[in-house]
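# Commentary on secondary and tertiary structure
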Amino acid sequence: MLVTLAAVLVALLAVVPLAYVVWSSLTLGPSETWRLLARPRVGELLRNTLALLAGTMLLSTLLGVGCAWLVERTDLPRPGLWHVLFVAPLAVPAFVTSYGWVSLTHDVQGYAGALLVVSLSYLPLVYLPTVAALRTLDPALEEVAHALGHDRRATFVRVVLPGIAPGVLGGALLVGLHVLAEFGALQMLRFPTLTTAIYDQYRSAFSSPSANVLAGVLVLGCLLLLLAELALRGDTALWRVGRGSARRAERVRLGRSRPAALAASSLLVVLSLGVPLASLVRWLVVGSSTAFPVGELLGATLTTAALGLMAAAVAVAMALPVVWLAVRHRGRWSDLVERATFTAHALPGIVVALALVAVSIRSVRPLYQTLPLLLVGYAILFLPRAVVSIRSSLEHAQPVLDDVAASLGTRPAMTLVRVTLPLLRDGLGAGAALVFLAVSTELTATLLLAPIGTATLATQFWSASSAASYGAAAPYALLLVLVSMPATWLLSRQTRGSSRP
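The rules we used
- One numbering rule holds for all chains: residues counted from 1, following each sequence as written.
- Thresholds applied to this predicted model are a pLDDT of at least 70 for local features of residues and 80 or more for the giving and counting of side-chain atom pairs; totals over whole chains, interfaces and linings are not thresholded and use all residues.
- To obtain the side-chain values, all non-hydrogen atoms of the structure were used and water was disregarded.
- Numbering goes from the N terminus for both helices and strands, where a helix is a DSSP run of H or I of at least four residues and a strand is a run of E of at least two.
- Contact between two residues is taken to exist if any of their heavy atoms lie within 4.5 Å; hydrogens are not considered.
- Think of a polar contact as two N or O atoms within 3.5 Å of one another; within protein, one of them needs to be a possible hydrogen donor and the other a possible acceptor, and neighboring residues in sequence only count if both atoms come from side chains.
- Exposed residues in this analysis have more than 50% of their type's maximum accessible area, buried residues have under 20%, and partly exposed residues fall in between, with area computed by a 1.4 Å probe over protein chains only.
- The term nonpolar core refers to a set of buried residues drawn from Ala, Val, Leu, Ile, Met, Phe, Trp, Tyr and Cys, joined through side-chain atoms within 4.5 Å.
- Geometry of aromatic contacts follows a simple scheme: Phe, Tyr and Trp rings, the Trp one being its six-membered ring, pair when their centres are within 6.5 Å, and the pair is stacked under 30 degrees between planes, edge-to-face over 60, tilted otherwise.
- Lysine NZ or arginine CZ positioned within 6 Å of the ring centre and within 35 degrees of the ring normal marks a charge as sitting over the ring.
- In this description, a line fitted to the C-alpha atoms serves as the axis of each element, helices being fitted only across the stretch in contact, and the angle between N-to-C directions of two axes falls anywhere from 0 to 180 degrees.
- Note on terminology: angles under 35 degrees are roughly parallel, angles over 145 are roughly antiparallel, angles of 65 to 115 are roughly perpendicular, and the others are oblique.
- For this scheme, ten residues count as nonpolar: Ala, Val, Leu, Ile, Met, Phe, Trp, Tyr, Cys and Pro. Four count as charged, namely Asp, Glu, Lys and Arg, and the remainder, Gly too, count as polar.
- By this rule the span expected of a helix is its residue count minus one, scaled by 1.5 Å.
- Here the bend at a residue is taken as the angle between two axes, fitted respectively to the seven residues that end there and the seven that start there.
- Each residue carries a pLDDT value, the predictor's own confidence for that position, ranging from 0 to 100.

On to the overall build of the protein chain. Across its full length, the protein chain carries 23 helices and 0 strands. Relative to all contacts within the protein chain whose residues are 6 or more apart in sequence, the contacts with residues 24 or more apart total 85%.

This is the structure we're talking about:
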């Protein structure tokens, strides 16, 4: 009962931005709302957004699943090293990757460049849960399929793919939600979408009816994504009693395809890591505006790390009851509660921030421009990262263990601490790391919700890069990468475990 109540409260808090957008749109009236929607510019923005959404989700999923298969199921040399390299783009924010490409060539500005850069940035969001799913999949299932006469392709389609589908779909969903809410990278790449238009509208007017209507369109897109992922995922239970086969799955020999696999993997790493990092180093060395204000750099770094750690703890605590309800008490009600936590993730940070500003000023004024309100804003924005990660672990945790603990007289609270949480350790760590990475690079919500005088690496970087001071922005970008590296390393270790020989 307490878990259900906590999950419902979290869901209600998560839909506050959605309620704000709906309320703002309703106050306009249907005729005014239609007038704002039925404009050629809105149609152009919608086409751009949908094209980028579909292209990025498809490309990121293909690359993520392909890389995970190479690392976990083939004899690719040094799989541990490649695993780290495929995860490493998480340490480079999307707008820093865009900065790296744009500062080298303006040819990437447009749809093709946006598709490439954004897909490279979000590739790990699909790769990580796919690797985790492949490692937890019992190889005995594949061996049985082979014994029944299925070749590797049929086994992958009929056995492996259904087993890893929740992880792949969850990662693709995160990619789609990120694309819907992406601002910084697309603004640098000069590719207009609904999100960049919303930012432009809010910049011209604090409460813009047109921006609220566009935000409503984004929310609708988010809901459609959630429904599609829910329908494709189904309700099949993937947990099993016992650990299954202790043997790892047989690795496919690449043979003559090995040079091509190595070349493709190397090219991917160069594009996702080499280009942005080389650009950073270049501007640090040759930039005329390059400077190293030690006090400002240190202060922004400490603030960024502290906010990331606190927000990660809050988001994980909020995600736990939601995931427990969704997995242990499956049904339409639990699905609705879980899906509600995803709605704010499709909204630009500026919309979520303005919703919280409006609510705090009217209802809880003492919270306005305080640290607790900023942390709540972060948690609402990035709660899906924690939910997806924790759910992936709980899906494979045997509920019979909870029943055994209860039969032995263990109280529910102690069962949670002594039985369930240890099984969720990897998911909790991955969720916290993903939230930390997101908070470290968050921009617009920080500008609106943070207490006066708060400076993070992202806000300082944006201030310099917006003025085309690439050299001045480079130190902040480099520190952003360095701050993100520990969380990225943690994700790398938790999703793959000990390195293979």
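Further remarks concern the side chain of His 178. By secondary structure assignment, the location of His 178 is in helix α9 (residues 152-181). A polar side-chain atom of His 178 sits 2.3 Å from a polar atom in the side chain of Arg 385. Each residue touching His 178, except ones within four places of it in the same chain, is listed here: Tyr 122, Leu 125, His 345 and Arg 385.

Time to look at unusual backbone geometry. One non-glycine residue, Arg 78, adopts positive backbone phi at about 50°. Judged by its relative accessible area of 62%, Arg 78 is exposed. Notably, Gln 369 is not glycine yet its phi reads approximately 55°, a positive angle. On the secondary structure map, Gln 369 appears in the loop between α16 (349-362) and α17 (371-394).

Below, the discussion takes up the nonpolar core. Ranked by internal contacts, the top residues of the largest apolar core, which has 150 residues, are Tyr 127, Ile 198 and Phe 461. Filtering out sequence-adjacent residues up to four positions away, Tyr 127 remains in contact with Gly 64, Cys 67, Ala 68, Val 71, His 83, Phe 86 and Val 87.

Next up on the list: the environment of Ala 311. Of note, Ala 311 is situated in helix α14 (residues 294-328). Once the C-alpha coordinates of Ala 311 and Ala 432 are considered, the two residues, 121 residues apart in sequence, prove to be 8.6 Å apart. Ignoring anything within four residues of it in the chain, the contact list for Ala 311 reads Leu 375, Tyr 378, Val 435 and Val 439.

Attention now goes to the packing of aromatic side chains. On inspection of all chains with the given rule, the structure shows 5 aromatic pairs. Consider the rings of Phe 86 and Tyr 127, whose centres lie 5.6 Å apart with planes at 65°: the pair is edge-to-face. Linking Phe 86 in helix α5 (residues 79-87) with Tyr 127 in helix α7 (residues 111-136), this pair joins segments that are 41 residues apart in sequence. With relative accessibility at 2%, the residue Phe 86 sits in the buried group. Chaining the aromatic ring pairs together yields one cluster made of Trp 82, Phe 86 and Tyr 127. Taking NZ or CZ as reference, Arg 282 lies 4.8 Å from the ring centre of Trp 283, over its face. Its end group placed over the ring of Phe 342, Arg 339 keeps NZ or CZ at 4.9 Å from the ring centre.

Two elements in contact, α5 and α7, have axes separated by 9 Å at closest approach and are oriented at 140°. In terms of their interaxial angle, α5 and α7 are classed as oblique. Within the contact between the two elements, α5 uses His 83, Phe 86 and Val 87 and α7 uses Pro 124, Tyr 127, Leu 128 and Val 131. Classifying every residue of the contact of α5 with α7 by side-chain character gives 6 nonpolar, 1 polar and no charged.

Further remarks concern helix α13 (residues 258-286). Between the first and last C-alpha of α13 there are 39 Å, a value that for 29 residues agrees with the 42 Å anticipated at 1.5 Å per step. At Val 270, α13 shows its largest kink, close to 40°. Regarding α13, the residues found buried are Ala 261, Ser 265, Leu 268, Val 269, Ser 272, Leu 273, Val 275, Pro 276, Ser 279, Leu 280, Trp 283 and Leu 284.

Moving on, we get to the confidence of the model for the protein chain. Chain-level statistics for the protein chain give a pLDDT mean of 80 and a share of 81% at 70 or above. Confidence drops under pLDDT 50 across residues 241-246; counting only partners more than four residues distant or on other chains, this segment forms 7 contacts.

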